Amino acid sequence: MNPMKSVGALAAVVTVVILGCALKPQSLRLDPDVTYSGEAMTSETLIGFSVTDARPTKSLGKVGDPNTELVDVTLDEDFVPLITERMTTGIEKRGFSVVPWSPAMTRSLEVRIDSLVLNSVKTPVTFETELRAEVTAAASNERRQYERVYYVRSYQETAGPPYERHSNKLVNQAVSQALTEVLNDDKLFEMLAE
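All of these numbers come straight from a predicted model, not from anything done at the bench.

Looking only at helices and strands, one finds 4 helices and 8 strands in the protein. Counting helices and strands in the order they occur from the N terminus, the protein gives α-β-β-β-β-α-β-β-β-β-α-α. Buried positions account for 44% of the 194 residues belonging to the protein.

Let us look at the confidence of the model for the protein. Chain-level pLDDT for the protein is 87 on average; 89% of the residues reach the 70-or-more range. pLDDT under 50 marks residues 7–20. Its contacts with residues more than four places away, or in other chains, come to 0 contacts.

We now examine the pattern of salt bridges. Tallied over the entire structure, the rule returns 15 salt bridges. Across the pair R112 and E110 runs a salt bridge whose closest N-O atoms are separated by 3.7 Å. Residue E110 is classed as partly exposed on the basis of its relative accessible area of 23%. Several salt bridges converge on common partners, so that one network encompasses E110, R112, D114 and E147.

Pairing between the strands of a sheet comes from backbone hydrogen bonds, and it takes one of two forms, parallel or antiparallel. Sheet architecture is open: 3 strands sit in the order β1-β4-β3, paired in mixed fashion. Strands with a single pairing partner mark the edges of an open sheet, and in this sheet they are β1 (26–27) and β3 (59–65). Summarising the sheet, β3 and strand β4 (residues 69–74) pair through 6 bridges and their orientation is antiparallel. When the bridges of β4 are listed, D65 appears paired with E69.

Taken together, the buried positions of helix α4 (residues 186–193) are L188, F189, M191 and L192. Along the axis of α4, the buried residues cluster in a sector spanning 155 degrees; they form a single face. The residue sitting at the N-terminus of α4 and contributing the capping side-chain oxygen is D185; that oxygen lies 3.2 Å from the backbone nitrogen of K187.

Below, the discussion takes up the environment of E69. Note that E69 resides in strand β4. Judged by relative accessible area, E69 falls into the partly exposed class, the value being 40%. Note: C-alpha distance between E69 and L23 (46 residues apart in sequence) is 8.2 Å. The residues touching E69, leaving out its near neighbours within four places in the chain, are L23, V63 and G64.

Scoring rules and cut-offs
Residues numbered from 1 in each chain as written. Predicted model: local features only at pLDDT ≥ 70, side-chain atom pairs only at ≥ 80, totals over all residues. Heavy atoms only, no water. Helix = DSSP H or I, 4+ residues; strand = E, 2+ residues; numbered from the N terminus. Buried < 20%, exposed > 50% of the residue type's maximum accessible area, 1.4 Å probe, protein only. pLDDT = per-residue confidence, 0-100. Contact = heavy atoms within 4.5 Å. Salt bridge = Lys/Arg side-chain N within 4 Å of Asp/Glu carboxyl O. Pairing = 2+ DSSP bridges. Arc of directions from axis to C-beta. Polar contact = N/O pair within 3.5 Å; in protein donor to acceptor, adjacent residues only side chain to side chain.

Dropping the structure here:
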């Protein structure tokens, strides 16, 4: 093969690889794994339950190389039905009967996704990316109220800027951990069982 054709073919392959790996705006999908492995603490106690997306913005942040290009990372989808379903399953494992929240309920639990923020910093060797999640659980019964904020950070290093699969992994790790902490908060559920 002609050496000039080889160089041209190699340049074409390199260009395709670079363009194929170029960062694109990231639209993430939330699919948290929420678990409760303890025992039921009550039997069929009725609880009104709701999940709220209280984030002030759908943007999580930007990723990329600040010297060349930054792209937006967003979580636009309505994840409330999915989280409601996963949390309902966990609450029922704790022994409660779950119905949609209403003002007439004597026992209620609201889970709010207050903040999801992604930061990616370029270091001399790697990109350090962190996802911070803030989730609030607000519960009440006839006599008492209980509110707690669960802060979670997930972190990873990558050789290049984080791609969508990396960002998806971080957001799902953080939200999974926060929601699992809610389900495993014995003080919260002891108060609801009173």
